[in-house]
Amino acid sequence: EAGVAQSPRYKIIEKRQSVAFWCNPISGHATLYWYQQILGQGPKLLIQFQNNGVVDDSQLPKDRFSAERLKGVDSTLKIQPAKLEDSAVYLCASSFGDRGREKLFFGSGTQLSVL
Amino acid sequence: GNSVTQMEGPVTLSEEAFLTINCTYTATGYPSLFWYVQYPGEGLQLLLKATKADDKGSNKGFEATYRKETTSFHLEKGSVQVSDSAVYFCALGQGAQKLVFGQGTRLTINP
């Protein structure tokens, strides 16, 4: 079974530039999550999709972050413009359903450095 | 809101030592509890879980018991190996609410 695919693996940009991350979840998984993991902290949910609809984006900084999952499969997360505090690992995860007891499958993440 | 608190790291042990990583949570009702592990250069993966009080999750020699009375889900292993070196995250899930993670505990096992 193929896992959650993310790209790029690393990205270095200057502040005020834009950046995009891509995620392809496990086939058949309806729920897709984007998490932000700042060094030394646990992952924090940015946005959760159920198929192509947004379930929870309460912690997404909507003035600069956007995400879409147009066909209910792969997803992109964009930051525009980036700030220094956006330096983090961006994790994509997927699960079959959306219940709190579901097992999440994580990708390897994209490490973003904003200079 | 729901929250998870883990013991501060990093934790360094010798091979074959006994491991405990403490985790306590705050939630109403009966959440599901998880331990995720992140090996160097890899994504998080589920280590074990428990979905109701007094359940014990176990995997790869690790165990954790869901204690409602102390709101805890401590991770234990009787004899650690070098290959257990990783970052361990306690997490809580409830209903349709987002999974909430603790801050993580970095474990290093020396041979």
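Just above sits the structure.
Residues numbered from 1 in each chain as written. Chains lettered and ligands numbered in written order. Predicted model: local features only at pLDDT ≥ 70, side-chain atom pairs only at ≥ 80, totals over all residues. Heavy atoms only, no water.

Quick notes on the overall build of chain A
Moving on, step 1. A tally of regular secondary structure across chain A gives 0 helices and 11 strands.
Moving on, step 2. Taken from N to C terminus, the helices and strands of chain A fall in the order β-β-β-β-β-β-β-β-β-β-β.
Moving on, step 3. The C-alpha radius of gyration of chain A comes to 13 Å, within 12% of the 13 Å expected for a compact globule of 115 residues.
Moving on, step 4. Projected onto the principal axes, the alpha-carbon positions of chain A cover approximately 35 × 25 × 25 Å.
Moving on, step 5. Put simply, chain A has 115 residues, and 45% of those count as buried.
Moving on, step 6. Here the contacts in chain A between residues at least 6 apart in sequence split such that 53% fall between residues at least 24 apart.
Moving on, step 7. When the accessible surface of chain A is totalled, it reaches about 5800 Å², and 49% of it is carbon and sulfur.
Moving on, step 8. Within chain A, one finds 14 positive and 11 negative side-chain charges whose respective centroids are separated by 3 Å. (Helix = DSSP H or I, 4+ residues; strand = E, 2+ residues; numbered from the N terminus. Rg over C-alpha atoms; globule rule 2.2 N^0.38 Å. Buried < 20%, exposed > 50% of the residue type's maximum accessible area, 1.4 Å probe, protein only. Contact = heavy atoms within 4.5 Å. Areas by Shrake-Rupley, 256 points an atom, 1.4 Å probe, with all protein chains shown as cover. Lys, Arg positive; Asp, Glu negative; His and termini not counted. Charge placed at Lys NZ, Arg CZ, Asp CG, Glu CD.)

Quick look at the pattern of salt bridges
Residues and elements named next belong to chain B.
Moving on, step 1. Under the definition given, this model contains 5 salt bridges over all chains.
Moving on, step 2. In this structure, the salt-bridge partner of K52 is D55, at a minimum N-O distance of 3.4 Å.
Moving on, step 3. Its relative accessible area of 21% is what places D55 among the partly exposed residues.
Moving on, step 4. The closest approach of N and O atoms between K56 and E63, which form a salt bridge, is 3.6 Å. (Salt bridge = Lys/Arg side-chain N within 4 Å of Asp/Glu carboxyl O.)

A short note on the environment of R16(A)
Residue and element names in this part refer to chain A.
Moving on, step 1. With respect to the secondary-structure elements, R16 resides in the loop between β2 (10-13) and β3 (19-24).
Moving on, step 2. A sequence separation of 57 residues divides R16 from V73, and the C-alpha atoms of the two residues are 29 Å apart.
Moving on, step 3. Apart from residues no more than four positions distant in its own chain, R16 is found in contact with P81 and A82.

A word on the pairing of strand β6 (residues 53-56) of chain A
Residue and element names in this part refer to chain A.
Moving on, step 1. Inspection of the sheet shows strand β5 (residues 44-50) paired to β6 by 3 bridges, in the antiparallel sense. Bridged to F49 within β6 is V54.
Moving on, step 2. Hairpin connection from β5 to β6: 2 residues lie between these consecutive antiparallel strands, with N51 at a positive phi of about 55 degrees. (Pairing = 2+ DSSP bridges.)

What about the sheet that holds strand β8 (residues 75-79) of chain A?
Residue and element names in this part refer to chain A.
Moving on, step 1. Read from one edge to the other, the open sheet built from 4 strands follows the order β1-β3-β8-β7, with strand pairing classed as antiparallel. Edge positions in the sheet fall to β1 (5-7) and β7 (65-68), since each has one partner strand and no second. Taken over all neighbouring pairs, the strand axes of this sheet differ in orientation by 15 degrees on average, direction set aside.
Moving on, step 2. Sheet analysis places β3 next to β8, joined by 5 bridges and oriented antiparallel. Looking across to β8, one finds that V19 is bridged to I79. (Axes fitted to C-alpha atoms, helices over the stretch in contact; angles between N-to-C directions.)

Side note on the layout of surface pockets
Moving on, step 1. Within this model, the largest pocket holds a volume of roughly 800 Å³.
Moving on, step 2. For the largest pocket, the lining is made up of 33 residues, of which Q37(A), L39(A), Q38(B), V87(B) and R106(B) are closest to its centre.
Moving on, step 3. Residue assignment for the lining of the largest pocket shows that the elements contributing at least two residues are β9 (88-95) and β11 (110-114) of chain A together with β10 (86-93) and β12 (105-110) of chain B.
Moving on, step 4. Looking at which element gives the most residues to the lining of the largest pocket, the answer is β12(B), with 4 residues.
Moving on, step 5. Looking at the lining of the largest pocket residue by residue, the class counts come to 14 nonpolar, 15 polar and 4 charged. (1 Å grid on protein atoms, 1.4 Å probe; cavity = no way out; pocket = protein on both sides within 12 Å on 5 of 7 lines; lining within 4 Å. Points joined across faces, edges and corners; volume = space filled by probe spheres on them. Nonpolar A, V, L, I, M, F, W, Y, C, P; charged D, E, K, R; others polar.)

With respect to the state of the cysteines
Moving on, step 1. Scanning the model with the defined rule gives 2 disulfides over all chains in all.
Moving on, step 2. Here C23(A) pairs with C92(A) through a disulfide, and the sulfurs are 1.9 Å apart. The chirality of the disulfide connecting C23(A) with C92(A) is left-handed, given an S-S dihedral of about -70 degrees. Of this pair, C23(A) sits in strand β3 while C92(A) sits in strand β9, and the two are 69 residues apart along the sequence. Neither C23(A) nor C92(A) differs from the other in exposure class; each is buried.
Moving on, step 3. Here C23(B) pairs with C90(B) through a disulfide, and the sulfurs are 1.9 Å apart. Around the S-S axis, the bridge from C23(B) to C90(B) shows a dihedral of about -70 degrees and counts as left-handed. With C23(B) in strand β4 (residues 23-26) and C90(B) in strand β10, the pair connects residues that are 67 residues apart, well separated along the chain.
Moving on, step 4. Taking the relative accessible area as the measure of exposure, C23(B) reaches 1% and is therefore buried.
Moving on, step 5. C90(B) sits in the buried class, given a relative accessible area of 0%. (Disulfide = S-S within 2.5 Å.)

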